[in-house]
Amino acid sequence: MKSVVVVTGTRPEIIKMAPIIRALKKAQLPHLFVHCGQHYDYNMAQQFIENLELTVPDHWLKIEAASPGAQTAEILMKMEELLSKAEPSVVLVEGDTNTVLAAALAANKRAIPIGHVEAGLRSYDLRMPEEHNRRLTDHISQYLFAPTEHAKTNLQKEAVWGKIYLTGNTAIDAVKEHLPIAEKTSKIMQQIPFETFALATAHRAENVDDPAVLESFMAVFEGSPLPIVYPMHPRTRKRLQENHMLSKIEQMSNVLILPPTGYLDFLMLMRHCKLIITDSGGIQEEATAPQIRKPVLVMRLSTERQEAVEAGFATVVGTDKNKILNAMNQVLSRKGALPSTSPFGDGDAAQKTVEIIKENLY
Ligand code: UD1
Ligand code: UDP
């Protein structure tokens with residue numbers, strides 16, 4: 001029997017593919033787990049494989065290239081070689097990274113069907129490499145797993161060739177499954193010296209590669225109405241270093257900088273924080289999970305997760321320091337509970353996805 005190839009490349013892909021790998025195992029469908037090595041540090045890759053109790057990837061590619069184009073090309077070439085030997089029934093990719101586009105193109109060149117998990121998201125911000133990656137991938141996929149009605153409508157409007165299925169987002173599956181484990185095993189809260197805090201992350205290229213935006217984020221941290229816990233992404237650390245801003249933030253007594261945390265620790269930080277300020281995509285989804293339910297200020301000009309905004313969890317606040325600080329104060333004085341259900345599904349997206357694969361291909 002042919003295998004399903006499950007591709008990951010970065011931290012969020014490992015987290016969101018984990019429920020699918022588990023569902024494939026449960027359904028006894030043969031599968032190969034391929035990590036393309038876009039993220040390679042222990043705390044950006046292997047740590048998540050361990051936290052999510054996945055088996056060692058069947059293939060772990062080593063990518064040498066540094067520039068985005070070369071990185072994409074190298075993954076494409078290595079994936080084509082791998083796929084030509086594996087001859088799978090379908091290649092599953094998740095999200096919008098360079099890995100996703102590269103692996104999808106490799107499958108397309110070998111005439112192997114592609115399943116796009118988290119299809120149909122649109123930010124309409126063409127500065128974002130992710131917006132190009134997700135659009136291109138959607139248009140060469142045979143199976144499009146749309147997390148929401150909104151994503152499904154986006155795909156219908158663009159008249160994609162593949163079949164569209166509404167599944168929910170596996171980010172919610174992962175929270176549901178792992179928060180109880182995090183509650184029992186994570187010790188991160190012992191490291192937090194603050195009673196209440198805001199949780200911050202930032203890594204988007206259009207933000208942290210722009211020194212003016214970095215400056216603005218630094219001013220937000222400095223003037224924040226409550227202490228900040230900030231697990232720092234390696235891209236951002238590099239940019240802060242290059243712009244001579246790292247020691248400034250390290251000296252802020254109201255900011256606790258952490259290395260990128262594991263998934264279980266991050267779940268606990270989300271659970272215990274007062275609010276989240278971020279430019280992450282996945283965190284906007286996780287904040288809506290019934291087990292987390294936190295307000296999120298999105299430090300970007302757009303979001304492809306409009307559902308989180310419509311449901312009242314997220315607010316797109318831009319990157320200007322005054323706007324972000326005002327929004328933080330507003331959220332802190334806001335009364336009223338957030339919804340008790342997530343617009344991204346009930347936590348059964350992986351099971352639905354695997355059932356669709358089984359019906360169509362096995
Ligand atoms: C990538 C994705 C982004 C996703 C993010 C998840 C693209 C275009 N971007 O952004 O959509 O939201 O992953 O976190 O695919 N680095 C390390 N160690 C690592 C990985 C990266 O030090 O393990 C540093 C390197 O200096 C590298 C830089 O981070 O050049 C950027 O990494 P890259 O994977 O190209 O992009 P991300 O910013 O991580
Ligand atoms: N995350 C984590 N540790 C961190 C920061 C994030 O485990 O220090 C998790 C978070 O729970 C979410 C995912 O990483 O599941 C989001 O990744 P990221 O923000 O890098 O990428 P994006 O979702 O924006 O593509």
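Residues numbered from 1 in each chain as written. Chains lettered and ligands numbered in written order. Predicted model: local features only at pLDDT ≥ 70, side-chain atom pairs only at ≥ 80, totals over all residues. Heavy atoms only, no water.

The subject of this paragraph is the site of ligand 1. Around ligand 1 sit 19 residues in total, of which H39, N98, E130, H203 and R204 are the nearest. Q38 places a side-chain nitrogen or oxygen 2.9 Å from an oxygen atom of ligand 1. At 3.1 Å from an oxygen atom of ligand 1 is found a side-chain nitrogen or oxygen belonging to K238. With the chains in place, 87% of the 740 Å² that ligand 1 exposes on its own is no longer accessible. Elements with a contribution of two residues or more to the shell around ligand 1: α5 (129-139) and α10 (234-242). For the shell around ligand 1, the element with the most residues is α10, which contributes three residues. Per-class residue counts for the shell around ligand 1 are five nonpolar, eight polar and six charged. (Near = heavy atom within 4 Å. Polar contact = N/O pair within 3.5 Å; in protein donor to acceptor, adjacent residues only side chain to side chain. Areas by Shrake-Rupley, 256 points an atom, 1.4 Å probe, with all protein chains shown as cover. Helix = DSSP H or I, 4+ residues; strand = E, 2+ residues; numbered from the N terminus. Nonpolar A, V, L, I, M, F, W, Y, C, P; charged D, E, K, R; others polar.)

Two numbers describe a pair of packed helices, the interaxial angle and the distance between the axes. For the pair helix α1 (residues 11-26) and helix α7 (residues 170-185), interaxial distance at closest approach is 8 Å and the crossing angle is 80°. Taken together, the axes of α1 and α7 are roughly perpendicular relative to one another. Across from I15, K16, P19, I20 and R22 in α1, the residues of α7 making contact are T170, A171, D173, A174, E177 and H178. Residue composition of the contact of α1 with α7, grouped by class: five nonpolar, two polar and four charged. (Axes fitted to C-alpha atoms, helices over the stretch in contact; angles between N-to-C directions. Parallel < 35°, antiparallel > 145°, perpendicular 65-115°, else oblique. Contact = heavy atoms within 4.5 Å.)

What follows is about the sheet that holds strand β11 (residues 275-278). Spatial ordering of the open sheet is given by β10-β9-β8-β11-β12-β13, a layout of six strands whose pairing is parallel. The strands lining the two open edges of the sheet, one partner per strand, are β10 (255-258) and β13 (314-316). Going across the sheet, the axis of each strand differs from the next one's by a mean of 20°, ignoring polarity. Where β11 lies against strand β12 (residues 296-298), three bridges are found, and the strand directions are parallel. If you follow T278 over to β12, its bridge partner there is V298. Across the sheet, helix α12 (residues 263-272) lies against β8 (198-201), β9 (228-231), β10 and β11, angled at about 135° from β8, the strand it touches most. (Pairing = 2+ DSSP bridges.)

Here we take up the site of ligand 2. Surrounding ligand 2, one finds 18 residues, the nearest of these being R11, S280, G281, G282 and E286. Residue G281 places a main-chain N or O atom 2.8 Å away from an oxygen atom belonging to ligand 2. When residues of the shell around ligand 2 are traced back to their parent elements, those giving at least two are α1, α12 and α13 (282-286). Residues of the shell around ligand 2, tallied by class, amount to nine nonpolar, six polar and three charged.

Side chains of a nonpolar character, in soluble globular proteins, are inclined to be buried together. If you look at the biggest cluster of nonpolar residues, it comprises 58 residues, and the most contacted ones within it are L92 and L199. At eight residues, α1 tops the list of elements feeding residues into this core. Among all residues touching L199, those that are not within four sequence positions of it are V229, P231, F266, L269, M270, C273, L275, I276 and I277. (Core = buried A, V, L, I, M, F, W, Y, C linked by side-chain atoms within 4.5 Å. Buried < 20%, exposed > 50% of the residue type's maximum accessible area, 1.4 Å probe, protein only.)

Reading across the sheet, the seven strands line up as β3-β2-β1-β4-β5-β6-β7 and stay open at both edges, with parallel pairing between neighbours. The open sheet is flanked by β3 (59-60) and β7 (163-166), the only strands paired with a single partner. Alignment of strand β4 (residues 90-94) against strand β5 (residues 114-117), held across four bridges, turns out to be parallel. Considered in β5, the bridge of V91 is made with I114. Most of the contacts of helix α16 (residues 349-361) go to strand β6 (residues 143-146), to which it runs at about 160°, and overall it touches β1 (4-8), β4, β6 and β7.

All right, on to the pattern of salt bridges then. With the rule as written, the count across this model stands at 25 salt bridges. Residues R122 and E158 are paired through a salt bridge, measuring 2.7 Å at the closest nitrogen-oxygen approach. Placement of R122 in the loop between β5 and α5 and of E158 in the loop between α6 (149-157) and β7 is noted, with a sequence separation of 36 residues between them. Classification of E158 as partly exposed rests on a relative accessible area of 22%. A salt bridge links R305 to E285; the nearest nitrogen and oxygen atoms lie 2.6 Å apart. Taken as a pair, R305 in the loop between β12 and α14 (306-310) and E285 in helix α13 lie far apart in primary sequence, 20 residues in all. Ionic contacts of the salt-bridge type, sharing partners, join the residues K16, D96, E118, E131, R134, R135, E285, R300, E304 and R305 into one network. (Salt bridge = Lys/Arg side-chain N within 4 Å of Asp/Glu carboxyl O.)

The next thing to look at is the pairing of β8. Neither face of β8 is left uncovered, since the one carrying A198 and A200 and the one carrying L199 and T201 both have all their residues buried. Where β8 and β9 come together, two bridges link them in parallel fashion. Within β9, the position partnered with A198 by the bridge is I228. In this structure, β8 lies alongside β11, joined through four bridges in parallel fashion. The partner of A200 across the bridge, within β11, is I277.

Moving on, we come to the environment of T97. Among the secondary structure elements, T97 is positioned in the loop between β4 and α4 (98-109). C-alpha of T97 to C-alpha of Q38: the two residues are 59 residues apart in sequence and 9.1 Å apart in space. In this view, T97 contacts T10, E13, Q38 and N133; residues no more than four positions away in its chain are not counted.

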